[in-house]
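Understanding the architecture of this molecule
The residues making up each chain are set out below.
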Amino acid sequence: MTVASHKPQDKDALANAFRRKAAREREARQTAERLLEDKSLELFKVNESLLAAQARLEQTVSEIANERDRVVRMSKTDFLTQLPNRAAVLEKLRQDLKTHDQGDHEFDPETWLVLILLQRFKRINGVLGQIGGDRLIKAVGERIRSATDDTDMAARFSGTEFALILSGGKAKLKATLDRVSRALEKPFMVDGKEITVEYALAAAGSKLAGSDVDQMRAAVDSTISRSRRCGSGNVEIYDETICNELREREDMERALKDAIGRDEIVPWFQPIVMSRDSRSICLEALARWPTGGVLVSPDKFLPIARDLGLWEELNEHLFATACTQAKPWVESGHVGDLSFNISPAQLVRSNFVMRLQALLERTGFPPDHLILEITENVLIENPTFAAEQMHDLHALGIKIAVDDFGTGYSNLGSLIGLPIDAVKIDRSLVWEMEHDNRAAMLIGTLVQWARAINVSVVAEGVETETQALLLRALGCDRLQGYLFGRAMSAKNIETRMPELLSFVGAENAAAIVA
Ligand code: C2E
Ligand code: CA
Ligand code: CA
């Protein structure tokens, strides 16, 4: 039997082997630990930079949000007064109308839209200059703001218009309007000058106007129109009367649109008799709207057509119809000239002459038998371009008459150099003639002046024999008025032509005057 025995050298070798193994293991562990440490350091760093990136991102997001808020604020703030602007008013109005409970009872709160219109501001700009005018607007804005409760909005609505949006009963509205009025009554000091502003105030409440932004605006617009007509400092609140006027206007707008679409507005013709020649007459075409058995006056419907943007379409239709109807009368020699009214806005439209020429060609109406009537104000407001257009019209053979002469501001001298063929003395001057000798003298002077520069004179609004005799004696070339006939339809002109041609000529008038 063998007995195992360990020699001393074997023991040492074993111990060495253990030590080496332990050392290797320690080293491996240390390496692993080092690696782990490195990795966690790396991770720590990655985490740190992620956190930094996140913080940067958050800052950028908040900067963008701030910038967006600033832009939104700016887009709703008036730069000059720092008050909310038109966009802000409309937004708040929309929100208030939606969220506020608008009860029916008299004392229930409602939403009010108030307009404050500064009038004749051009005059103030003339005194203060543009910069001074801006300072005044700013000061007005400050006074309006301080006259309004903090919970309500005071805003600049447009150049010379401020707006308030209030919530509450009529008593609160009246108190606010009162404070605003008092604030604006006091003079302003701008650049060492004392300035008093002229203004009109109007308010509309949602109970009567309706809880829709457009209805509120239409209501306050018609209220401010009424208020401004009543002079400075006037305050109007939208009521049943204005409400009915607005409804009438809306009905009229609808009916007018339909009438224009169906060509129901037609030219009628008023005779103009010659002082020295009874072989022919002239005619002025005047727009007529026969509806429901009545004739609506052009003074009523033409401004509405203009506001609706239908003016041009309507005028071209009237012009073409008048030319077509009057052409055979001109060709027969019974009618000398056909007069047609042109609004200042039409005359200064760049393609006006071209379009008119096209209409003349289409209808075959001879241009040298056409007179266009314009008013003096176009010559004052836009003299250079108006003159250019007039020269172009003249080059086509068309004649030009200045309408309502004697009522505007231009002097006779300002007409020299313009291609004018006739002036039409306004009917107010003709009426005055019988009551005031100076009117007759003025007409006499006008006729002499017109003769000197080869311009003929038409007197309008002749209603009595006396006026006709006087005007003929003073030398007016043509007479127009109810004495000879009102505007009539094309059919009536044809049937009444012999009678119209029978009006006395100059020789007879001179004999009567003598
Ligand atoms: P207007 O050009 O001064 O036309 C003369 C106006 O005086 C016409 O009123 C005519 O009916 C009226 N009238 C004529 N004789 C007398 C008279 O003896 N006594 C009185 N009290 N009035 C007389 P109407 O037809 O109501 O026209 C008003 C204005 O509407 C015209 O004033 C003219 O500016 C404008 N208008 C009329 N038709 C047209 C048109 O087709 N186009 C343009 N652009 N304007 C037109
Ligand atoms: Ca006229
Ligand atoms: Ca006239």
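The structure displayed is predicted, hence computed values, not measured ones.

Some thoughts on the site of ligand 1
Of all residues adjacent to ligand 1, which total 24 residues, the nearest are Arg288, Asp403, Arg427, Glu463 and Tyr482. The separation between a nitrogen atom of ligand 1 and a polar side-chain atom of glutamine 270 is 2.9 Å. A distance of 3.2 Å is found between a nitrogen atom of ligand 1 and a side-chain nitrogen or oxygen belonging to asparagine 315. Protein burial of ligand 1: of its 790 Å² of free accessible surface, 85% is covered by the chains. Those elements giving two or more residues to the shell around ligand 1 turn out to be strand S9 (281-291), helix H8 (298-307), helix H9 (311-331), strand S11 (335-341) and strand S13 (399-405). Grouping the constituent residues of the shell around ligand 1 by class yields nine nonpolar, seven polar and eight charged.

Structural notes on the packing of helix H11 (residues 352-363) against helix H13 (residues 383-395)
The geometry of H11 relative to H13 is characterised by a closest axis approach of 10 Å and an angle of 25° between their N-to-C directions. Classed by the angle they form, the pair H11 and H13 counts as roughly parallel. Crossing handedness for the pair H11 and H13: right-handed. In this structure, H11 uses Phe352, Val353 and Leu356 to contact H13, whose residues at the interface are Gln389, Asp392 and Leu393. Here the contact of H11 with H13 is built from residues that sort into four nonpolar, one polar and one charged.

As for the pairing of S13
Extensive coverage of S13 is indicated by the burial of five of its seven residues. Note that strand S12 (residues 370-375) and S13 share five bridges and pair parallel. Note that in S13 the partner of isoleucine 374 across the bridge is valine 402. Alignment of S13 against strand S14 (residues 422-425), held across three bridges, turns out to be parallel. What sits directly across from alanine 401, in S14, is alanine 422.

Topic: the coordination of the calcium ion (ligand 2)
Listed as protein donors to the calcium ion (ligand 2) are Glu284 (OE), Asn341 (OD1), Glu373 (OE) and Asp403 (OD); their distances from the metal cover 2.1 to 2.4 Å. Metal-to-metal, the separation of the calcium ion (ligand 2) and the calcium ion (ligand 3) is 4.0 Å; aspartate 403 coordinates the two. Taken together, the residues glutamate 284 in strand S9 and glutamate 373 in strand S12 connect sequence positions 89 residues apart. The class for glutamate 284 is buried, based on a relative accessible area of 3%.

Examining the coordination of the calcium ion (ligand 3)
Bound to the calcium ion (ligand 3) on the protein side are Asp403 (OD), Asp404 (OD), Glu460 (OE) and Glu460 (OE), at distances that span 2.2 to 2.5 Å. When the donors of the calcium ion (ligand 3) are listed by position in the chain, the intervening gaps give D-D-x55-E. On the accessibility criterion, aspartate 404 (26% relative accessible area) is partly exposed.

Topic: the environment of leucine 501
Among the structural elements, leucine 501 can be located in helix H18 (residues 490-501). Leucine 501 sits 166 residues away from valine 335 along the chain, and the two C-alpha atoms are 9.3 Å apart.

Description of the confidence of the model for the protein chain
Summing up the model confidence of the protein chain, the mean pLDDT is 90 and the portion of residues at 70 or higher is 94%. A low-confidence stretch, residues 505-514 (pLDDT under 50), is modelled with 11 contacts involving residues beyond four sequence positions or located in other chains.

Points about the pattern of salt bridges
All told, the structure shown has 30 salt bridges when counted by the stated rule. Note that arginine 179 is salt-bridged to aspartate 149, the shortest N-O span being 3.3 Å. With arginine 179 in helix H4 (residues 170-185) and aspartate 149 in the loop between helix H3 (121-146) and strand S2 (153-158), this residue pair connects regions lying 30 residues apart in the sequence. A residue is classified by how much of its surface remains accessible, and arginine 179, at 29% relative accessible area, is partly exposed. A single network of salt bridges, built from pairs that share partners, joins Asp149, Asp152, Lys172 and Arg179.

Quick word on H8
Among the residues making up H8, those that are buried are Pro298, Phe301, Leu302, Ile304 and Ala305. The arc that holds the buried residues of H8, viewed along the axis, is 165°, so those residues lie on one side. Those residues of H8 that are exposed and angled more than 90 degrees off the buried face are Asp299, Lys300 and Asp307. Buried residues belonging to H8 abut helix H7 (240-261), S9, strand S10 (294-296) and H9. One side-chain oxygen at the N-terminal end of H8 lies 3.0 Å from the backbone nitrogen of aspartate 299; it belongs to serine 297. Positive phi shows up at glycine 309, right after H8, with a value of about 75°.

Rules used in this analysis
- Residues numbered from 1 in each chain as written.
- Chains lettered and ligands numbered in written order.
- Predicted model: local features only at pLDDT ≥ 70, side-chain atom pairs only at ≥ 80, totals over all residues.
- Heavy atoms only, no water.
- Near = heavy atom within 4 Å.
- Polar contact = N/O pair within 3.5 Å; in protein donor to acceptor, adjacent residues only side chain to side chain.
- Areas by Shrake-Rupley, 256 points an atom, 1.4 Å probe, with all protein chains shown as cover.
- Helix = DSSP H or I, 4+ residues; strand = E, 2+ residues; numbered from the N terminus.
- Nonpolar A, V, L, I, M, F, W, Y, C, P; charged D, E, K, R; others polar.
- Axes fitted to C-alpha atoms, helices over the stretch in contact; angles between N-to-C directions.
- Parallel < 35°, antiparallel > 145°, perpendicular 65-115°, else oblique.
- Left-handed = near helix turned anticlockwise from the far one by under 90°.
- Contact = heavy atoms within 4.5 Å.
- Buried < 20%, exposed > 50% of the residue type's maximum accessible area, 1.4 Å probe, protein only.
- Pairing = 2+ DSSP bridges.
- Donors = N, O, S within 2.8 Å, 3.2 Å for Na, K, Ca; no water.
- pLDDT = per-residue confidence, 0-100.
- Salt bridge = Lys/Arg side-chain N within 4 Å of Asp/Glu carboxyl O.
- Arc of directions from axis to C-beta.

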